[in-house]
Amino acid sequence: DVDVYIVHVKAIAAGYDTTEIEVEAVINELPVCTVTFSANSGSITAGKASLTDMKTGFLLAEADFPTVAYTGRTFVGWTNSETGVTKTAAEWAGTELTGNVTFIAVWTNNPLTVGTITDMKFNGNEQKPALDVFCDTTKLTPDTDYIAVYSQNINTGAATVHVIGQGTYAGLEGMKTFNILKGDE
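Rules used in this analysis
- Residues numbered from 1 in each chain as written.
- Predicted model: local features only at pLDDT ≥ 70, side-chain atom pairs only at ≥ 80, totals over all residues.
- Heavy atoms only, no water.
- Pairing = 2+ DSSP bridges.
- Helix = DSSP H or I, 4+ residues; strand = E, 2+ residues; numbered from the N terminus.
- Salt bridge = Lys/Arg side-chain N within 4 Å of Asp/Glu carboxyl O.
- Buried < 20%, exposed > 50% of the residue type's maximum accessible area, 1.4 Å probe, protein only.
- Contact = heavy atoms within 4.5 Å.

Novice: Run through the sheet that holds strand β10 (residues 112-114), naming residues and quoting values.
Specialist: As a general point, the strands of a sheet are linked pairwise by backbone hydrogen bonds and lie either parallel or antiparallel. Strand order in this open sheet of three strands is β10-β12-β13, and the pairing throughout is antiparallel. The open sheet has two edge strands with one neighbour each: β10 and β13 (138-139). Strand direction decides the pairing type here: β10 and strand β12 (residues 133-135), joined by three bridges, are antiparallel. Bridging across to β12, Val-114 finds its partner in Val-133.

Novice: Tell me about the pattern of salt bridges, residues and numbers included.
Specialist: Proximity of charged atoms lets side chains of opposite charge pair with each other. If you walk through the whole model with that rule in mind, you get one salt bridge. Its salt-bridge partner being Asp-132, residue Lys-139 comes within 2.9 Å of it at the nearest N-O pair. The class of Asp-132 is partly exposed, set by a relative accessible area of 35%.

Novice: Mind laying out the side chain of Asn-153, listing which residues take part and the relevant values?
Specialist: Relative to the elements of secondary structure, Asn-153 occurs in the loop between β14 (146-151) and β15 (157-165). Apart from residues no more than four positions distant in its own chain, Asn-153 is found in contact with Asn-125, Glu-126, Gln-127, Lys-128, Ala-159, Phe-178 and Ile-180.

Novice: Now, about the pairing of β15: what can you tell me, with residues and values included?
Specialist: Two elements, β14 and β15, share six bridges in a ladder whose sense is antiparallel. Looking across to β15, one finds that Ile-147 is bridged to Ile-164. Two successive antiparallel strands, β14 and β15, enclose a turn made up of five residues, where Gln-152 displays a positive phi of approximately 50 degrees. The pairing of β15 with strand β16 (residues 173-181) spans eight bridges and is classified as antiparallel. Across the sheet, the residue bridging to His-162 is Met-175, located in β16.

Set out below in structure tokens:
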């Protein structure tokens, strides 16, 4: 679309002839584009998943980027479909829009943590102590949110439990050692 504006300007000064000029301005409508935000398996908790009818040539603002969350993960920043570079919203602010673009959230996994495990007494059997497993501050449910895999947990010495997230916590892991003591210690 093109809009044409005609402006008449008249110069008036005391004691001089007045002069009128005509100025024609042609304004081209800027093409529009869409900016899309993908939470990348997380969720958008505030803001919009897409901005439509954005004019090319305009600059992105930090406030254009939504707030995102993903259980068990830490948000690193946004990568864009054109460059693959990861930056924060503040670092993307000022980027000129040249066409449709998608920004994808980048996450790192938080480790699962295992609470204190008391020393176990050697009895010749596998030692599988009760566990308190957490993702951030959330206590997880065994066999639903995680599975526990034990190693070197029969004889005296250091034993290990490896916790592996399931369901919402898939991809998250943690590890903890505990001691198996001689029966008379």
